[in-house]
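Tertiary structure, described
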Amino acid sequence: QVQLAESGGGLVQIGGSLRLSCATSGRTFSMYAMAWFRQAPGKEREFVATINWSAGSTYYADSVKGRFTISRDNAKNTVYLQMNSLKPEDTAVYYCAAASYPRAREHVYEYDYWGQGTRVTVSS
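This section reports on the structure supplied with the text. (Residues numbered from 1 in each chain as written. Predicted model: local features only at pLDDT ≥ 70, side-chain atom pairs only at ≥ 80, totals over all residues. Heavy atoms only, no water.)

On to the packing of aromatic side chains. How two aromatic rings sit relative to each other is set out by the distance from centre to centre and by the angle between their planes. Counting across every chain of the model gives five aromatic pairs. Relative to Phe 47, the ring of Phe 37 lies with its centre 5.6 Å away and its plane at 75 degrees, an arrangement referred to as edge-to-face. A residue pair is termed long-range when its members are at least 10 positions apart, and Phe 37 in strand β4 (residues 33–39) and Phe 47 in strand β5 (residues 46–52) qualify at ten residues. The class for Phe 37 is buried, based on a relative accessible area of 1%. Phe 47 gets classed as buried once you look at its relative accessible area, which sits at 9%. A ring pair is formed by Phe 47 and Tyr 59, whose centres lie 5.6 Å apart and whose planes are at 25 degrees; its orientation type is stacked. Placement of Phe 47 in strand β5 and of Tyr 59 in strand β6 (residues 58–60) is noted, with a sequence separation of twelve residues between them. (Phe/Tyr/Trp six-rings, centres within 6.5 Å; stacked < 30°, edge-to-face > 60°. Helix = DSSP H or I, 4+ residues; strand = E, 2+ residues; numbered from the N terminus. Buried < 20%, exposed > 50% of the residue type's maximum accessible area, 1.4 Å probe, protein only.)

Printed below as a string of structure tokens:
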């Protein structure tokens, strides 16, 4: 079992920045990848970024590439999402996910565990 808890969401101005955190607990030794997804009202859940737990290699959706950075602190079992140059279309509930599948990347079905979500609102 793995438990995930997101935090750090809130209201931010267009062009501003936020950092989201995902704290993990339980049998985290079984995790191969962590990811962030987001879901806006009336839209499907969308992939944002993923990171390999041990190697730290990353992969990003085109919509956030160059603006968002995913990182991890192995000692704290925590994953972060640094979001810069925020746009109104970034407004969504952001979810943290963990995968036991070694080659998990951008698909929802590749991930085994999910957090409760944290809301991000971008406006003027």
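This part covers the pairing of strand β1 (residues 2–7). Of the two faces of β1, only one is covered, namely that formed by Val 2, Leu 4 and Glu 6; the face formed by Gln 3, Ala 5 and Ser 7 stays uncovered. Pairing analysis gives six bridges linking β1 to strand β3 (residues 18–26), with the strands arranged antiparallel. Paired with Glu 6 across the bridge in β3 is Cys 22. (Pairing = 2+ DSSP bridges.)

Among the structural elements, Lys 76 can be located in the loop between β7 (68–73) and β8 (78–83). By relative accessible area, Lys 76 is classed as exposed at 57%. As for Lys 76 and Tyr 113, which are separated by 37 residues in sequence, their C-alpha atoms are 18 Å apart.

Once that is clear, we can look at the pairing of β4. Most of β4 is tucked away, with six of its seven residues classed as buried. Summarising the sheet, β4 and β5 pair through six bridges and their orientation is antiparallel. Within the sheet, the bridge partner assigned to Ala 35 lies in β5 and is Thr 50. What sits between the antiparallel neighbours β4 and β5 is a turn of six residues, in which Gly 42 has the positive phi angle 75 degrees. Pairing of β4 with strand β9 (residues 92–99), which is carried by seven bridges, proceeds in the antiparallel orientation.

Across all of its chains, the model carries four salt bridges by this definition. Between Glu 46 and Arg 38 there is a salt bridge, with its nearest N and O atoms 2.8 Å apart. Overall, the relative accessible area of 4% leaves Arg 38 in the buried class. Taken together, the shared-partner salt bridges connect Arg 38, Glu 46, Arg 67 and Asp 90 into one network. (Salt bridge = Lys/Arg side-chain N within 4 Å of Asp/Glu carboxyl O.)

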